[in-house]
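# Structural features, examined
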Amino acid sequence: MHRQKAFIRTLGLAAAVAFAATACGPQGSGAGPAAPSAPAGGSPSASPSEQDDKAGSPSSSASPSSAPSGSAAPGAKPLMANGDESEQVRELQARLRQLKLVSTAPTAFYGSKTTAAVKTFQSQHGLSATGSVDEATWQKVQGLTKKPTDDELRPPTTNEVDAPDPRCMQGRVMCISKESRTLAWMIDGKVVSTMDVRFGSENTPTREGLFQVEWKAKEWTSTLYHTSMPYSMFFSQGQAVHYSSDFAARGYDGASHGCVNVRDKKKLSELFDQVKVGDKVVVYW
């Protein structure tokens, strides 16, 4: 810690921050050690594992004669497609859940699971099984479902929150349980909000212990994986709590490179505004 402070005084905060940050992009097969990150500059490209997850948007080269009646014309821009992230996607996912085509809570991110569910729906109803939502598909989905409630759009945390570690009972703390895979934001022993999280793999584990928030970045991008890390709150030599679109899309099928991933972007944005530099972070089993 003394060496780190000396480093910050010597090079300045911005350079030290770039040195400390790790590339906590989604874990892919054969992934190597984490590398430094840098501030976002422009639209970051997806990591290899994210590209695999987001792949599946079909080609629009099918001949007009092969498209069933009621489908959009070939080449027409879809309303929603693999890789999109919006509140309309959240509504689509909630409606697909009503139809029992997906079992996970809406994330607002259109990944491989949503693509597969849309393809299934289209096949069931005589629509071109593209995996993307055109006007005909959207109208059919709306006609067979009801407008989602707030609870359907943003259901409670999926995982049951674990009993807080004793170190979480005083002060302002992000209390993170590896056992229950949850983050509880606590103030003086009271739980203010909770959210699902995932951690690093066996090769790049999330460190356990008592830490504090060292610095925050609303927008941050991994230089190694070129993945966006919104709402980053760094707490341990570059490991951070941050939003992960890969977690939102794949759930626990993936892992981070050591960071604590959150899949509910709205909840995390609210938490980001409340957490201050110096607040405690406890990661425990």
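These lines cover the structure that appears in this document, whether it is placed above or below. (Residues numbered from 1 in each chain as written. Predicted model: local features only at pLDDT ≥ 70, side-chain atom pairs only at ≥ 80, totals over all residues. Heavy atoms only, no water.)

## Re helix 6 (residues 135-143)
Note that an α-helix has 3.6 residues per turn; residues three or four places apart therefore point the same way. To keep it simple, the criterion reads: Burial classification: accessible surface area is computed with a 1.4 Å probe over protein chains only, and a residue below 20% of its type maximum counts as buried, one above 50% as exposed, and the rest as partly exposed. Secondary structure counts use DSSP, requiring at least four H or I residues in a row for a helix and at least two E residues in a row for a strand, with both numbered from the N terminus. Two residues qualify as a contact provided that any one of their heavy atoms is within 4.5 Å of a heavy atom in the partner residue.
Turning to helix 6, its buried residues number three or more, namely A136, T137, W138 and V141. Tucked into the core, helix 6 has its buried residues touching helix 4 (87-98) and helix 5 (112-124).

## What about the sheet that holds strand 10 (residues 260-262)?
Test applied: Strands are labelled as partners when DSSP assigns at least two bridges between them. Throughout, an axis means a line fitted to C-alpha atoms (over the contacting stretch in the case of helices), and angles, computed between N-to-C directions, take values from 0 to 180 degrees.
With mixed pairing, the 9 strands of this open sheet are ordered in space as 5-11-2-3-4-10-9-8-6. Looking at the sheet topology across the chains shown, the edges are occupied by strand 5 (209-212) and strand 6 (215-217). Averaged over all pairs of adjacent strands, the angle between their axes in this sheet comes to 25°, without regard to strand direction. Pairing geometry for strand 3 (residues 182-187) and strand 4 (residues 190-198), over 6 bridges, is antiparallel. Its bridge partner being in strand 4, A184 is matched across the sheet by T194. Strand contacts of helix 9 (residues 265-274): strand 2 (172-177), strand 3, strand 4, strand 6, strand 8 (232-236), strand 9 (239-243) and strand 10, with the helix running at about 130° to strand 4, the strand carrying the most contacts.

## Some points on helix 4
Condition: One fewer than the residue count of a helix, multiplied by 1.5 Å, yields its expected span. Polar contact criterion, stated in full: a pair of N or O atoms within 3.5 Å, where within protein one must be able to donate a hydrogen and the other to accept it, and residues adjacent in sequence count only if both atoms are side-chain atoms.
Helix length check: helix 4 (12 residues) gives 17 Å between terminal C-alpha atoms against 16 Å at 1.5 Å per residue, within 8%. Buried within helix 4 are the following residues: V89, R90, E91, L92, Q93, A94, R95 and L96. Those residues of helix 4 hidden inside the fold are in contact with helix 5, helix 6 and helix 7 (150-153). One side-chain oxygen of the residue at the start of helix 4 lies 3.4 Å from the amide nitrogen of Q88, identifying that residue as S86. Of the residues trailing helix 4, K100 is marked for its positive phi of about 60°.

## Regarding the nonpolar core
Condition: We call a set of buried residues a nonpolar core when its members are Ala, Val, Leu, Ile, Met, Phe, Trp, Tyr or Cys and they connect through side-chain atoms within 4.5 Å of each other.
M174, I176, M233, V241, L268 and L271 are the most contacted members of the largest nonpolar core, which has 25 residues in total. Looking at which element gives the most residues to this core, the answer is helix 9, with 3 residues.

## Brief notes about the packing of aromatic side chains
Heads up, the condition is: Aromatic pairing here means that ring centres of Phe, Tyr or Trp (its six-membered ring) are within 6.5 Å. Orientation follows from the plane angle: under 30 degrees is stacked, over 60 is edge-to-face, and everything else is tilted. We call a charge positioned over a ring when the NZ of a Lys or the CZ of an Arg lies within 6 Å of the ring centre and within 35 degrees of the ring normal.
Tallied over the full model, the rule gives 6 aromatic pairs. Geometrically, the ring pair formed by W215 and F234 is stacked, given 4.0 Å between the ring centres and 10° between the ring planes. With W215 in strand 6 and F234 in strand 8, this residue pair connects regions lying 19 residues apart in the sequence. The pair W215 / F234 is uniform in exposure class, with both members buried. Ring geometry for F247 against Y252: centres 5.1 Å apart, planes inclined by 65°, an arrangement best described as edge-to-face. Owing to a relative accessible area of 0%, F247 belongs among the buried residues under this scheme. Three or more aromatic residues joined by ring pairs make a cluster, and in this case those are W215, W220 and F234. Its guanidinium or amino end placed over the ring of F199, K178 lies 5.9 Å from that ring's centre, counting from NZ or CZ.

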